[in-house]
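Topology and contacts: notes
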Amino acid sequence: MDIKFLDLKYQYQTIKNEIDTEIGKVFDSGQFSGGQFVKNFEDRFAVYCGTKYAAGVSSGTSALWMALKAIGVEENDEVITVANSFIATAEAISMCGAIPVLVDVKDDTCTIDVKQIKRKITEKTKAIIPVHIYGQISDMKELMHVARQYGLKVVEDAAQAHGATVEGKKAGSFGDAGCFSFYPGKNLGGYGEAGCVVTNDEKIFNRICMIRDHGQKKKYHHTCIGSNERMDGLQGAVLSVKLKYLDDWNKKRKSVAHKYNEILSGIEKIKIPVEKTEEGHVYHIYQIEVENRKKIIELFEKNNIGYGIHYPCPIHLQKAYQFLNLSEGSFPVAEEKALKTISLPVYPEMRMEEVEFVANTIRSKGF
Ligand SMILES: *Cc1c(COP(=O)(O)O)cnc(C)c1O
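Below is a short write-up of the structure. None of these values were measured; they are calculated from a predicted model.

What to know about the site of the ligand
Not every one of the 14 residues close to the ligand is listed here, only the nearest: Gly60, Thr61, Asp157, Ser181 and Lys186. With respect to the ligand, the side chain of Asp157 contributes an N or O atom lying 2.8 Å from a nitrogen atom. Here an oxygen atom of the ligand and a side-chain polar atom of Lys186 are 3.0 Å apart. Its free accessible area being 380 Å², the ligand has 92% of it covered by the protein chains. Looking at the shell around the ligand residue by residue, the class counts come to five nonpolar, seven polar and two charged.

See below:
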C-alpha cells in the first residue's frame, strides 16, 4: 500500500460537478476579486460559526494580521501566544510591529497553558492568541476570564479547527475575533489561498473590511494605510460548496482518529491524542508521541506511509525569532513535543483498511 499523508485529489472527485458548475459561474460573472461569491461565503460561514460577521481575506496569516490590526495592535505592543504553533501565528504579530510573548502549552492537548499567561502580562500587552492546535479548542473559559480581568483582547487562531465545538459553541466564536485559514490542506480548504476572520463586533468587522481593501471605505479615498488582503471570487465559490460538507468530513476524520486510537491504545511507548472536548475535536492532525521517533519514521518510509511533524522546531528556537533571546529549555513541553511527536495520515476520504494498515504497521513492530 502507498498511503499519502494527505491526498486532495479524492475529495475533488466527490464534488467535481458542483465545484465545476460554481467555478463556471464565477467566470461568467467576472467577479474575480471580492464580489458576490465572497459575500455569499462570508454570510454562510458567519452563520456556521455562530457569529454576526465574517470577513474573507487572502490567507490565514492575513486573517491573523487583519484581526490584530483591527483590534488596535501597534508597534511595540505585546501579544501573548504559544511556543508550538505554525510560524504564521507569530509572524502576524510581527507584521504589526508587535512582539510575540510566548508561553508553553499543556502536555495533554498541546493547547495554551492558561496558568502561565498572567505572569507574562505587562502594561504593553494588548492581546492573547490561543491556537486551537490539531483541531481541538483551547481552554477558552479560563482564558477569557484572564483576558477580561486584564482588559486584553482575544484573537483565536482557529486555522486548524473549522467546526470544532465546546458545548455546542464553535471555534472562532469565543474571543473578540476568530481567524481561519482555507489553505487547501485544512479541514475546510480552498483551491488556492484564502482565509477569514469571524467576529460579533461590528467595529472589528468594519475595520477589517477597510484594511483588507487598501484602507478605503470609498474607492480611492484612503482612511488608513491598509493592504490588499481580499479573498478572490473563485475561493468564495469553492468554499461555499465545500462548507456544506464540512461537518460530514469532520465526522469522517474523527472515525479515522478513533480507529487509530482503538489499535494504538494500550501500547506503552505510544501516547495517543487526548480528547478533552468530547464531540468537539475535528482532528486536523492526528499526532502521537513516541520515545523513538526515528524508528517510526524508518518504518513509515519502508512501508510507503506518509507522515508529518507538527512542528519540528518551536517558535522560540527558530532562527527568525532568535531576537527574542529565549534559549533551549524556555518551554520544556513545546520542546519535548518537537522531538517526540509524529502525525499520521488523516483525511476524510481515507479508507479504513488504510487506517488499519498504518496502525497495525506500528503495532506489529513492537512499539
Ligand atoms: C495554516 C495555519 C496558519 C496560516 O494559514 P495560511 O492560510 O497558510 O496563511 C496559521 N496558524 C495555524 C495554526 C495554521 O495551521
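Comments concerning the packing of helix α1 (residues 8-29) against helix α7 (residues 233-243)
How two helices pack is summed up by the angle between their axes together with the distance between the axes. Relative to each other, α1 and α7 sit at 140°, their axes nearing to 9 Å. When the axis of α1 is compared with that of α7, the two are oblique. Where α1 crosses over α7, the handedness of that crossing is right-handed. Residues Gln11, Ile15, Glu18, Ile19, Glu22, Ile23, Val26 and Phe27 of α1 lie in contact with α7, whose contacting residues are Gly233, Leu234, Ala237, Val238, Val241 and Lys242. Considered class by class, the residues forming the contact of α1 with α7 number nine nonpolar, two polar and three charged.

Thoughts on the packing of aromatic side chains
Counted by the stated rule, this structure contains 15 aromatic pairs. Taking NZ or CZ as reference, Lys169 lies 5.1 Å from the ring centre of Phe174, over its face. Directly above the aromatic system of Tyr48 lies the positively charged group of Lys170, at a separation of 4.1 Å from the ring centroid.

Topic: helix α11 (residues 352-364)
Note that an α-helix has 3.6 residues per turn; residues three or four places apart therefore point the same way. Across its 13 residues, α11 extends 17 Å between first and last C-alpha, which sits within 8% of the 18 Å expected from 1.5 Å per residue. Looking at the buried side of α11, the elements it contacts are α8 (246-264), β12 (270-271), β13 (286-290), α9 (293-302) and β14 (341-344).

So, the pattern of salt bridges
Under the counting rule described, the total for this entry stands at 25 salt bridges. For Lys276, the salt bridge identified is with Asp108, shortest N-O distance 2.4 Å. Of this pair, Lys276 sits in the loop between β12 and β13 while Asp108 sits in the loop between β3 (99-103) and β4 (125-129); the two residues are 168 residues apart in sequence, bridging distant segments of the chain. The partner of Lys254 in a salt bridge is Glu275, and the shortest N-O contact between them spans 3.6 Å. Taken together, the positions of Lys254 in helix α8 and Glu275 in the loop between β12 and β13 put the pair 21 residues apart, joining distant regions of the chain. Several salt bridges converge on common partners, so that one network encompasses Asp107, Lys271, Glu289 and Lys337.

A look at the side chain of Ser62
Looking at the element boundaries, Ser62 is found in helix α3 (residues 60-70). With sequence-adjacent residues up to four places away left out, Ser62 is seen in contact with Val57 and Glu229.

A look at the sheet that holds β3
On the basis of which strands lie adjacent, the open sheet formed by seven strands has the order β1-β9-β8-β5-β4-β2-β3 and mixed pairing. One side of each edge strand has no neighbouring strand; the edge strands of this open sheet are β1 (53-57) and β3. Pairwise comparison of adjacent strand axes, ignoring direction, gives a mean angle of 25° for this sheet. Here strand β8 (residues 177-181) runs beside strand β9 (residues 195-199); their pairing, made up of four bridges, is antiparallel. Note on β9: the bridge partner recorded for Phe180 is Cys196. On top of the sheet, helix α2 (residues 36-49) reaches β1, β8 and β9; it is set at about 130° to β1, its chief contact. In the packing of helix α6 (residues 202-211) onto the sheet, the strands contacted are β1 and β9, and the crossing angle to β1 comes to about 20°.

Conventions used here
- Residues numbered from 1 in each chain as written.
- Predicted model: local features only at pLDDT ≥ 70, side-chain atom pairs only at ≥ 80, totals over all residues.
- Heavy atoms only, no water.
- Near = heavy atom within 4 Å.
- Polar contact = N/O pair within 3.5 Å; in protein donor to acceptor, adjacent residues only side chain to side chain.
- Areas by Shrake-Rupley, 256 points an atom, 1.4 Å probe, with all protein chains shown as cover.
- Nonpolar A, V, L, I, M, F, W, Y, C, P; charged D, E, K, R; others polar.
- Axes fitted to C-alpha atoms, helices over the stretch in contact; angles between N-to-C directions.
- Helix = DSSP H or I, 4+ residues; strand = E, 2+ residues; numbered from the N terminus.
- Parallel < 35°, antiparallel > 145°, perpendicular 65-115°, else oblique.
- Left-handed = near helix turned anticlockwise from the far one by under 90°.
- Contact = heavy atoms within 4.5 Å.
- Phe/Tyr/Trp six-rings, centres within 6.5 Å; stacked < 30°, edge-to-face > 60°.
- Lys NZ or Arg CZ within 6 Å of the ring centre and 35° of its normal.
- Expected span 1.5 Å × (residues − 1).
- Salt bridge = Lys/Arg side-chain N within 4 Å of Asp/Glu carboxyl O.
- Pairing = 2+ DSSP bridges.

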